[in-house]
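Listed below, chain by chain, are the residues.
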Amino acid sequence: MPEKQGTRAPAPPGEYMLLVLLAILWGGSFTLIKVAVADYPPATLAAARILLGGALLTALALAKGFALPTRPGRWGALWVQGLLQGALPFTLIGWGEQHIASGLAGVLNATVPLFAFMLSVFVVGSAPFVFTKFVGVLLGLAGVAGIAGLGSHAALGGSDFLAVMAVLGASASYACGAVFGHRFGDQPAVVTAAGSLLCGGLTMLPFSLAMDRPWTLTPSLEATLALLALAVLSTALASVIFFRLIRTLGPVTTTSNAYLRALVSVAFGVVFLAEPLSWSLLAASALIVAGVMLVTLPGRPDRELRRAG
């Protein structure tokens, strides 16, 4: 159960190790998406990874003796969570990575805590205005503006600018999902992850069937293995860890892995996909990372966001 007034005992060190693991799983997903989206269109890629991940976690939850929710209201909430944390951002990132590098997408997606801060202060009104955090938001936005103006190694064209906006839209969706997700603290993380993924996958399935006609696709083995890794590691396993950390560390701390996730995505893109680096991208990335670190500085407890919703 959420603690009143946001009081929280110090989390065990193992929770922070899970936070690092989550950053690696999500940071590596941008490389996997880049490989998979070459043969799987974005809607089909999102539907397949979410449904596979959801089916795997449903089987795991039932094997552990957990019951799935029965109340329609809880399934409605899980549908919203699946939309915010899966269907919408996965599709936007998949489409975006058809036009921009995986490392660049990972850096842009590091803005999740910035959106979470702005949402909690200016929209939900659950958090106080903190000047240092607001400076962090400005730094992060400056980095995003630099990327939008410079791109990863050249000026962005129209489609690339839209790709940047799509990935930023995914970040905003993730932030909303982090705030919304704390309401599931009364059920096991694997149940929340399974239910939300099933809802998100079923939402995307009609779009996949109508737009992509997936039965006509002839994907390569490499793309299919990337899709399976996305489903098992970056979706199923990462979702369980995410909902656990939302309960144990809170939304702000959980989203703070964004800067580590950005570094992982850039490193994986350079090592595995031979993506180029430029000083302009490094400078803009540094601004985003600095902004995220300021927004997630310790000293302001997660009670601001845990009272949301």
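Note that the structure is a prediction, hence the values are computed from the model and not measured.

Enquirer: Is there a simple way to explain unusual backbone geometry in this structure?
Expert: Peptide bonds are trans in most cases, and residues, glycine excluded, mostly fall at negative phi. One non-glycine residue with positive phi stands out, namely Arg213, at about 45 degrees. For Arg213, the position within the fold is in the loop between α8 (189-212) and α9 (221-248).

Enquirer: Help me understand the packing of helix α1 (residues 13-36) against helix α11 (residues 258-273), please; the structure alone is not making it clear to me.
Expert: Angle between the axes and distance between the axes are the two parameters that describe a pair of packed helices. Between α1 and α11, the least distance of the axes is 8 Å, while the angle of their chain directions is 40 degrees. In terms of their interaxial angle, α1 and α11 are classed as oblique. Of the two elements, α1 crosses α11, and the hand of that crossing is right-handed. Within the contact between the two elements, α1 uses Val20, Ala23, Ile24, Trp26, Gly27, Gly28, Phe30, Thr31, Lys34 and Val35 and α11 uses Leu260, Arg261, Val264, Ser265, Phe268, Gly269, Phe272 and Leu273.

Enquirer: It is not clear to me how the confidence of the model for the protein chain should be interpreted in this structure. Could you clarify?
Expert: Low-pLDDT portions of the prediction should not be read for the details of their coordinates. Residue-level pLDDT values for the protein chain average 85, and 89% of them are 70 or greater. Taken together, the stretch residues 1-7 has pLDDT below 50 and engages in nine contacts with residues farther than four places along the chain or on a different chain. Note that pLDDT drops below 50 for residues 299-309; the model gives that stretch 36 contacts with residues more than four away or on any other chain.

Enquirer: What is the right way to read the side chain of Arg74 from this model?
Expert: Here Arg74 is to be found in helix α3 (residues 72-96). With residues near it in sequence (within four places) discarded, Arg74 still touches Pro69, Arg183, Phe184, Asp186 and Gln187.

Enquirer: Is there a simple way to explain the packing of aromatic side chains in this structure?
Expert: Working definition: an aromatic ring pair is given by the centre-to-centre distance plus the angle between the planes. Applying the stated rule across the entire model yields eight aromatic pairs. Residues Phe129 and Phe134 carry aromatic rings whose centres are separated by 5.2 Å and whose planes lie at 50 degrees to one another, so their mutual orientation is tilted. Between Phe242 and Phe243, the ring centres sit 5.1 Å apart and the planes meet at 75 degrees, which makes this aromatic pair edge-to-face. By the burial criterion, Phe242 is buried, and Phe243 matches it. Sitting over the face of the ring of Phe90, Arg49 holds its NZ or CZ atom 3.6 Å from the ring centroid. It is Arg183 that lies over the ring of Phe180; its NZ or CZ is 3.8 Å from the centre.

Enquirer: Which parts of the structure should I look at to understand the side chain of Ser265?
Expert: Residue position: Ser265 is located in helix α11. Owing to a relative accessible area of 0%, Ser265 belongs among the buried residues under this scheme. Those residues in contact with Ser265 that lie beyond four places of it in its chain are Gly27, Phe30, Thr31, Ser102, Gly103, Gly106 and Val107.

Enquirer: I would appreciate a short explanation of the pattern of salt bridges in the present structure.
Expert: Oppositely charged side chains can form a pair if their charged atoms are brought close together. Enumeration over the complete set of coordinates arrives at two salt bridges. One salt bridge in this structure joins Arg244 and Glu15, with 2.6 Å as the shortest N-O distance. Of the two residues, Arg244 sits in helix α9 while Glu15 sits in helix α1, which places them 229 residues apart along the sequence. Exposure remark for Arg244: the relative accessible area of 36% places this residue in the partly exposed category. We note a salt bridge from Arg74 to Asp186, for which the minimum N-O separation is 3.3 Å. Here Arg74 is found in helix α3, whereas its partner Asp186 is found in the loop between α7 (158-180) and α8, with 112 residues between them in sequence. Given the relative accessible area of 48%, Asp186 is considered partly exposed.

Enquirer: Which parts of the structure should I look at to understand helix α4 (residues 102-109)?
Expert: Since there are 3.6 residues in each turn of an α-helix, residues three or four apart along the chain are aligned in direction. α4 sits mainly inside the fold: eight of its eight residues count as buried. Those residues of α4 lying buried are Ser102, Gly103, Leu104, Ala105, Gly106, Val107, Leu108 and Asn109.

Enquirer: Which parts of the structure should I look at to understand a nonpolar patch on the surface?
Expert: On the surface, Val270, Val271, Phe272, Leu277, Trp279 and Leu282 cluster together into a nonpolar patch covering about 680 Å² of accessible area. Elements with a minimum of two residues in the nonpolar patch: α11 and α12 (279-295). Ranked by the residues each element gives to the nonpolar patch, the list is headed by α11, at three residues. The exposure class of Val271 is exposed, given its relative accessible area of 61%.

Enquirer: Help me understand the environment of Gly106 in this model?
Expert: In this structure, Gly106 sits in helix α4. Measuring from C-alpha to C-alpha, the distance between Gly106 and Ser29 comes to 8.8 Å, with 77 residues separating the pair along the chain.

Enquirer: What exactly am I supposed to notice about the nonpolar core here?
Expert: It is characteristic of soluble globular proteins that their nonpolar side chains tend to be buried jointly. Grouped together as the largest cluster of nonpolar side chains are 72 residues, with contacts concentrated most on Leu45, Leu108 and Ile147. Setting aside chain neighbours within four positions, we find Leu45 in contact with Ile33, Ala36, Val37, Tyr40, Leu227 and Leu230. Listed in part, the six residues of the second largest apolar core include Leu78, Phe180, Phe184 and Cys199.

Enquirer: Sorry, what's going on with the environment of Leu228 here?
Expert: Within the secondary structure, Leu228 is located in helix α9. Given a relative accessible area of 41%, Leu228 falls into the partly exposed group. The sequence separation of Leu228 and Gly53 amounts to 175 residues, and the corresponding C-alpha distance is 9.0 Å.

Parameters at a glance
Residues numbered from 1 in each chain as written. Predicted model: local features only at pLDDT ≥ 70, side-chain atom pairs only at ≥ 80, totals over all residues. Heavy atoms only, no water. Helix = DSSP H or I, 4+ residues; strand = E, 2+ residues; numbered from the N terminus. Axes fitted to C-alpha atoms, helices over the stretch in contact; angles between N-to-C directions. Parallel < 35°, antiparallel > 145°, perpendicular 65-115°, else oblique. Left-handed = near helix turned anticlockwise from the far one by under 90°. Contact = heavy atoms within 4.5 Å. pLDDT = per-residue confidence, 0-100. Phe/Tyr/Trp six-rings, centres within 6.5 Å; stacked < 30°, edge-to-face > 60°. Buried < 20%, exposed > 50% of the residue type's maximum accessible area, 1.4 Å probe, protein only. Lys NZ or Arg CZ within 6 Å of the ring centre and 35° of its normal. Salt bridge = Lys/Arg side-chain N within 4 Å of Asp/Glu carboxyl O. Patch = residues over 30% accessible without salt bridge, like charges linked within 9 Å, V, L, I, M, F, W, Y side chains within 5 Å. Areas by Shrake-Rupley, 256 points an atom, 1.4 Å probe, with all protein chains shown as cover. Core = buried A, V, L, I, M, F, W, Y, C linked by side-chain atoms within 4.5 Å.

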